[in-house]
Amino acid sequence: MTTIESLEPSTEVVRARFDPTSQTDVEAAIAAADAAFRAWREVPIAERAVPIRRLARVLRDRKDRYARLITTEMGKPITEALAEIEKCAWNCDFYADHAASFLADERVETNARESVVAFQPLGVVLAVMPWNYPFWQVIRFLAPGLMAGNAALLKHASNVPQCALAIEEAVRDAGFPAGLLRVLLLAGSEVEPVIADDRVRAVTLTGSTATGSRIAELAGRAVKKAVLELGGSDPYIVLRDADVPAAALTAAKARFQNAGQSCIAAKRFLVEAPIAAEFERRFGDAIRALHVGDPMDPSTQVGPLAREDLRETLERQVAASVRLGARVVVGGKRIDGKGWFYEPTLLAGVTEEMPVLKEETFGPVAALIAVRDADEAVRVANSSPFGLGAALWTDDLERARAIARRIESGSVFINGMVASDPRLPFGGTKQSGYGRELSGFGIREFVNIQTIWIGPATQPPKVASAE
């Protein structure tokens, strides 16, 4: 039995160790979640909102403690960790306010006396979650999932076990029924029998494309619904008529927030040739101004990478790209000393065969490529196997709206940075996954969309069919 460790990225010190959940306890957790679901689904939606609102208060009341836990376990700067907890609370409030309208019966005019589309909970949903936003990714699914009447099992990333247990604590203390959320401390290889269990009705994953492919295979074999939010290599397009100073300043935050460890971080900077030199200079200056250091220091803007292997992968990608001709404008190497720090880096002169453009770079490295025009920018943007988010900068908003519809991504942000928002659907296309989280679309992912037809028919149907 392999011990699960909580290891601080900034010091490389093990802060806690946990025994994995035993098979006996996994069975007990599934049984408890299933029993809790069967009672919870009968609770009116207005009453479900009561503990959801309490969960928002618990998160805000414990914001400092939970933020420090995030920073300790995965290295996020403390100011960003505090913002993450606040966003989780906002998400809870949002669904407490809007779930009833999102899930209200829809009446449809047919030849029946009455036809209704109803939205019924599915049951126990397994959430396989990542480490990079260890509270937000969970609450992003959990708030709408619980409001829809479902129960949840959480298999969190193995390097953030304390965050997983803290979320379970917060849900319990908010007054939800016992068993409605249960944490499973398991390795990824131990998830298969959980997905196969008949009491588990669906699975949601945020993670890598490779992991998503495996989860989709397992869910498909069991004929279960899956929502996959996977990798991204988001383009950040800057056209010649853009506000270059604003685009460059925003680019630094869009790329280096969370040390670049975000699926929706801007990664490929596609800049029209006439302004490429100016953008490179301004972007480089903004990167040099970033404060790298102790993530517990409120002035720190870039902390360590979450794991040593992530830094090693980044080093390989940068070195290979430099060998192929990329030019290091800023950074380009690890920072000596304890912790998995890497310099915020800008590579220019990047071409399409280089790893920093072809692959997802999950760390503080930006790749700048000059393009002839907007058409080439769209072509390069769409050449990626990913399609999660995209940013587009231009002063011509009518043209921007047209270009946005040509970009193969789940979202396009014009004159701003890509971000998730409870009010808007979130998800990707191509190898960035399928399904949506957040908004009304997200809460309807894990419901049975049920047709209720009440006869007798008042008139013959226009098209007779037995199916």
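Residue positions are counted from 1 within each chain, in the order its sequence is given. Two thresholds apply to this predicted model, a pLDDT of at least 70 for residue-level local features and 80 or more for giving and counting side-chain atom pairs, whereas whole-chain, interface and lining totals are computed over all residues. Heavy atoms throughout the structure, all of them, feed into the side-chain values; hydrogens and water do not.

**Some points on the overall build of the protein chain**
Phase 1: Looking only at helices and strands, one finds 15 helices and 20 strands in the protein chain.
Phase 2: Put simply, the radius of gyration uses C-alpha atoms, and a globule should come to 2.2 Å times the residue count raised to 0.38. The C-alpha radius of gyration of the protein chain comes to 23 Å, within 12% of the 23 Å expected for a compact globule of 467 residues.
Phase 3: Its C-alpha atoms give the protein chain principal-axis dimensions of about 70 × 60 × 40 Å.
Phase 4: Per-residue accessibility, obtained with a 1.4 Å probe over protein chains only, is compared with the maximum for each type, and a residue is labelled buried under 20%, exposed over 50%, and partly exposed between these values. Counting only residues that meet the buried cut, the protein chain has 56% of its 467 residues in that class.
Phase 5: Long-range contacts, defined here as pairs at least 24 residues apart, represent 72% of the contacts in the protein chain between residues at least 6 apart.
Phase 6: By element, 52% of the accessible surface of the protein chain is carried by carbon and sulfur atoms, the whole surface being about 19,200 Å².
Phase 7: For this count, His and the chain ends are skipped, Lys and Arg are scored as positive, and Asp and Glu as negative. Lys charges are placed at NZ, Arg charges at CZ, Asp charges at CG and Glu charges at CD. Each charge sign in the protein chain was given a centre, from 55 positive and 60 negative side chains, and these centres are 1 Å apart. By definition, any uninterrupted DSSP run of H or I lasting at least four residues is a helix, any uninterrupted run of E lasting at least two residues is a strand, and each is numbered from the N terminus. Contacts are assigned to residue pairs that have any heavy atoms within 4.5 Å of one another. Using the Shrake-Rupley algorithm and a 1.4 Å probe, accessible areas are obtained, with residue cover drawn only from the displayed protein chains.

**Let's talk about the packing of helix H9 (residues 244-256) against helix H10 (residues 273-288)**
The relative placement of two packed helices is expressed as an angle between their axes plus a distance between the axes.
Phase 1: Two elements in contact, H9 and H10, have axes whose closest approach is 9 Å; the angle formed by their N-to-C orientations is 50°. Between H9 and H10, the crossing angle belongs to the class labelled oblique. Read as a crossing pair, H9 and H10 show a hand that is right-handed. Contacts between H9 and H10 involve Val244, Pro245, Ala247, Ala248, Leu249, Ala251, Ala252 and Phe256 from the first element and Ile275, Glu278, Phe279, Arg282, Phe283, Ala286 and Ile287 from the second. Structural elements are reduced to axes, namely lines fitted to C-alpha atoms, with helices fitted over the stretch in contact, and the angle between N-to-C directions of any two is expressed from 0 to 180 degrees. Any angle between 65 and 115 degrees counts as roughly perpendicular, while under 35 counts as roughly parallel, over 145 as roughly antiparallel, and the rest as oblique. Handedness of each helix crossing follows the sense of rotation of the near helix against the far helix: counterclockwise by less than a right angle gives left-handed, clockwise gives right-handed.

**Observations concerning the sheet that holds strand S20 (residues 447-454)**
Phase 1: Read across the open sheet, the 3 strands follow the order S3-S4-S20; overall the sheet is antiparallel. Two strands close off the open sheet at either side, each with one partner strand: strand S3 (106-107) and S20.
Phase 2: Note that S3 and strand S4 (residues 114-121) share 2 bridges and pair antiparallel. Pairing of Glu106 across the sheet is with Val117, part of S4. Pairing between strands requires that DSSP locate at least two bridges from one strand to the other.

**Some remarks on the sheet that holds strand S14 (residues 365-371)**
Phase 1: The sheet built from 7 strands is open, its strands ordered S12-S13-S14-S11-S10-S16-S17 with mixed pairing. The open sheet is flanked by strand S12 (327-330) and strand S17 (411-414), the only strands paired with a single partner. Neighbouring strand axes in the sheet, compared pairwise and without regard to direction, differ in orientation by 25° on average.
Phase 2: Sheet analysis places strand S13 (residues 345-348) next to S14, joined by 3 bridges and oriented parallel. The residue of S14 that forms the bridge with Leu346 is Ala366.
Phase 3: With respect to the sheet, helix H13 (residues 374-382) is in contact with strand S10 (234-238), strand S11 (266-272) and S14, its orientation differing from that of S11 by roughly 160°.

**Some thoughts on helix H5 (residues 136-147)**
Phase 1: Relative to the 16 Å expected for 12 residues at 1.5 Å per residue, H5 spans 17 Å between its end C-alpha atoms, a close match to the ideal helical length.
Phase 2: Extensive coverage of H5 is indicated by the burial of 12 of its 12 residues.
Phase 3: Those residues of H5 lying buried are Trp136, Gln137, Val138, Ile139, Arg140, Phe141, Leu142, Ala143, Pro144, Gly145, Leu146 and Met147. Take the residue count of a helix, subtract one, and multiply by 1.5 Å to get its expected span.

**Some thoughts on the pattern of salt bridges**
Phase 1: When a carboxyl oxygen of Asp or Glu lies within 4 Å of a side-chain nitrogen of Lys or Arg, that pair is called a salt bridge. A complete count under the given rule lists 39 salt bridges for this structure.
Phase 2: For Lys225, the salt bridge is made with Glu445, and the minimal N-O distance between the two is 2.8 Å. Placement of Lys225 in strand S9 (residues 225-229) and of Glu445 in the loop between helix H15 (439-443) and S20 is noted, with a sequence separation of 220 residues between them.
Phase 3: What makes Glu445 buried here is its relative accessible area of 14%.
Phase 4: Between Arg316 and Glu359 there is a salt bridge, and its shortest N-O distance comes to 3.1 Å.

**What about the environment of Asn415?**
Phase 1: Along the chain, Asn415 falls in the loop between S17 and strand S18 (429-430).
Phase 2: For Asn415, a relative accessible area of 32% puts it in the partly exposed group.
Phase 3: In this structure, the C-alpha to C-alpha distance between Asn415 and Ala219, residues 196 residues apart in sequence, is 38 Å.
Phase 4: Beyond its immediate stretch of four places on either side in the chain, Asn415 contacts Leu392, Trp393, Thr394 and Leu397.
Phase 5: Whenever two N or O atoms come within 3.5 Å, that pair is a polar contact, provided that in protein one can donate a hydrogen and the other can accept it, and provided that, for residues adjacent in sequence, both atoms are side-chain atoms. Within the structure, Asn415 has its side chain in polar contact with the backbone oxygen of Thr394 (distance 3.0 Å).

**Overview of the pairing of S11**
Phase 1: The buried count for S11 comes to 7 of 7 residues, which makes it a mostly enclosed element.
Phase 2: As paired elements, S10 and S11 share 5 bridges and run parallel to each other. Its bridge partner lying in S11, Asp234 is registered against Ala266.
Phase 3: By definition, the crossover connecting two strands over a helix is right-handed if that path, from the first strand to the second, turns clockwise as seen with the strands pointing away from the viewer. Once the chain exits S10 it traverses H9 before rejoining the sheet at S11, and the crossover so formed is right-handed.
Phase 4: Bridge analysis of S11 against S14 gives 5 bridges, and the strand direction is parallel. Looking across to S14, one finds that Glu272 is bridged to Val371.

**Quick notes on the side chain of Ser10**
Phase 1: Position of Ser10 relative to the elements: it lies in the loop between strand S1 (4-8) and strand S2 (13-18).
Phase 2: With relative accessibility at 13%, the residue Ser10 sits in the buried group.
Phase 3: Each residue touching Ser10, except ones within four places of it in the same chain, is listed here: Pro295, Pro304, Lys338, Gly339 and Phe341.

**Looking at the packing of aromatic side chains**
Phase 1: Between rings of Phe, Tyr and Trp, where Trp is taken as its six-membered ring, a pair exists when centres lie within 6.5 Å; planes separated by under 30 degrees are stacked, by over 60 edge-to-face, and by other angles tilted. Counting across every chain of the model gives 13 aromatic pairs.
Phase 2: Taken together, a centroid distance of 5.1 Å and an interplanar angle of 35° make the contact between Tyr66 and Phe135 tilted. On the criterion of sequence distance, the pair formed by Tyr66 in helix H3 (residues 63-74) and Phe135 in the loop between strand S5 (124-128) and H5 is long-range, its members being 69 residues apart.
Phase 3: Overall, Phe135 belongs to the buried group, its relative accessible area being 0%.
Phase 4: Ring geometry for Phe269 against Phe283: centres 4.8 Å apart, planes inclined by 50°, an arrangement best described as tilted. Note that Phe269 is positioned in strand S11 and Phe283 in helix H10, a separation of 14 residues in sequence.
Phase 5: Taken together through their ring pairs, the aromatic side chains of Tyr236, Phe256, Phe269, Phe279, Phe283 and Trp393 make up a single cluster.
Phase 6: The rule is short: NZ of Lys or CZ of Arg within 6 Å of the ring centre and within 35 degrees of the ring normal puts a charge over the ring. In this arrangement the basic side chain of Lys76 is found over the ring face of Tyr133, its NZ or CZ atom lying 3.8 Å from the centre.
Phase 7: Across from the ring centre of Phe446, 5.9 Å away, lies the NZ or CZ of Lys225, which sits over that ring.

Function cannot be read off these values alone, since they describe shape.
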